[in-house]
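# Secondary and tertiary structure notes
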Amino acid sequence: MEMERVIDLDQAAAVISERAAGWLAAGLTVGQVRWLDATSPWPRQLETDRALVPDPVSIGVLIDGPGDAGLSVVLFRGGWADVDYFDGIDDGGQIPAFDITSAAAFGTQLDQWVPRAFKNLGKS
């Protein structure tokens, strides 16, 4: 059964790219967007080259901050994301991420997830 296509993952990747410069300026490290193809054979390989992924089912990005702080986001074209974070001190876990209906809505969520994961950025 094929996953419903709610979100254009190319547009969602552009949302990540649009925010990356600001994250870098804030002292974060932003990994490359990784693509997963729906038709690739098992074990599926993540690709950083979009041209190698004819039927993307998800994209993911890792963002690292000071200490052990980090945020992992995997967005699925069906309209949900797997989001895990650790603030580097004492807070972390999964963030519920359902009913994402567009790339713009994904951007709004990113704008909430990044400060939650890196709330101690710039604090000693």
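For the structure given in this document, a descriptive report is provided here. (Residues numbered from 1 in each chain as written. Predicted model: local features only at pLDDT ≥ 70, side-chain atom pairs only at ≥ 80, totals over all residues. Heavy atoms only, no water.)

It is worth spelling out the layout of surface pockets at this point. Considering only enclosed or pocket space, the largest pocket measures out at about 210 Å³ in volume. Tallying contributions element by element places strand β3 (residues 56–64) first for the lining of the largest pocket, with six residues. Classifying every residue of the lining of the largest pocket by side-chain character gives ten nonpolar, six polar and two charged. (1 Å grid on protein atoms, 1.4 Å probe; cavity = no way out; pocket = protein on both sides within 12 Å on 5 of 7 lines; lining within 4 Å. Points joined across faces, edges and corners; volume = space filled by probe spheres on them. Helix = DSSP H or I, 4+ residues; strand = E, 2+ residues; numbered from the N terminus. Nonpolar A, V, L, I, M, F, W, Y, C, P; charged D, E, K, R; others polar.)

Let us look at the pattern of salt bridges. With the rule as written, the count across this model stands at six salt bridges. Among the salt bridges present, the one from K119 reaches D91, with a minimum N-O distance of 3.1 Å. Of the two residues, K119 sits in the segment after α2 (103–117) while D91 sits in the loop between β5 (80–86) and β6 (92–95), which places them 28 residues apart along the sequence. Overall, the relative accessible area of 39% leaves K119 in the partly exposed class. Salt bridges linked by common partners bring E18, R19 and D111 together as one network. (Salt bridge = Lys/Arg side-chain N within 4 Å of Asp/Glu carboxyl O. Buried < 20%, exposed > 50% of the residue type's maximum accessible area, 1.4 Å probe, protein only.)

Before going further, it helps to spend a moment on the nonpolar core. Within the largest apolar cluster, 33 residues are counted, with the highest numbers of intra-cluster contacts made by I59, I63, L71, L75, F106 and W113. Only α1 (9–25), β3, β4 (70–76), β5 and α2 provide two or more residues apiece to this core. Of the residues forming this core, the biggest block, seven residues, is contributed by α1. In this structure, L71 is in contact with V61, L62, I63, V83, D84, Y85, W113, V114, A117 and F118, ignoring residues within four places of it in sequence. (Core = buried A, V, L, I, M, F, W, Y, C linked by side-chain atoms within 4.5 Å. Contact = heavy atoms within 4.5 Å.)

This part takes up the side chain of D37. Its location among the elements puts D37 in strand β2 (residues 34–37). One buried charged side chain, D37, makes no salt bridge at all; its nearest oppositely charged neighbour is R50, positioned 6.4 Å away. A polar side-chain atom of D37 sits 2.4 Å from a polar atom in the side chain of T39. Here the side chain of D37 touches S40 through a polar contact of 3.1 Å, landing on its backbone nitrogen. Contacts of D37, omitting those with residues within four sequence positions, involve R44, V53, P54, D55, P56 and V57. (Lys, Arg positive; Asp, Glu negative; His and termini not counted. Polar contact = N/O pair within 3.5 Å; in protein donor to acceptor, adjacent residues only side chain to side chain.)

Each aromatic ring pair is described using two quantities: the centre-to-centre distance and the angle formed by the ring planes. Inspection of every chain in the model, using the stated rule, returns two aromatic pairs. Geometrically, the ring pair formed by F106 and W113 is edge-to-face, given 6.2 Å between the ring centres and 65 degrees between the ring planes. Over the face of the ring belonging to W35 we find R50, whose NZ or CZ atom lies 4.9 Å from the ring centre. (Phe/Tyr/Trp six-rings, centres within 6.5 Å; stacked < 30°, edge-to-face > 60°. Lys NZ or Arg CZ within 6 Å of the ring centre and 35° of its normal.)

Only one face of β5 is covered, namely the face carrying A81, V83 and Y85; the face carrying W80, D82, D84 and F86 is uncovered. Pairing of β4 with β5, which is carried by seven bridges, proceeds in the antiparallel orientation. Across the sheet, the residue bridging to V73 is V83, located in β5. Taking the residues that link successive antiparallel strands as the turn, the β4-β5 hairpin has three residues, and the phi of G79 there is positive, at about 105 degrees. Here β5 runs beside β6; their pairing, made up of four bridges, is antiparallel. When the sheet's bridge partners are listed, D84 is paired in β6 with Q94. Here β5 folds back onto β6 in antiparallel fashion, the turn holding five residues, of which G88 has a positive phi close to 90 degrees. (Pairing = 2+ DSSP bridges.)

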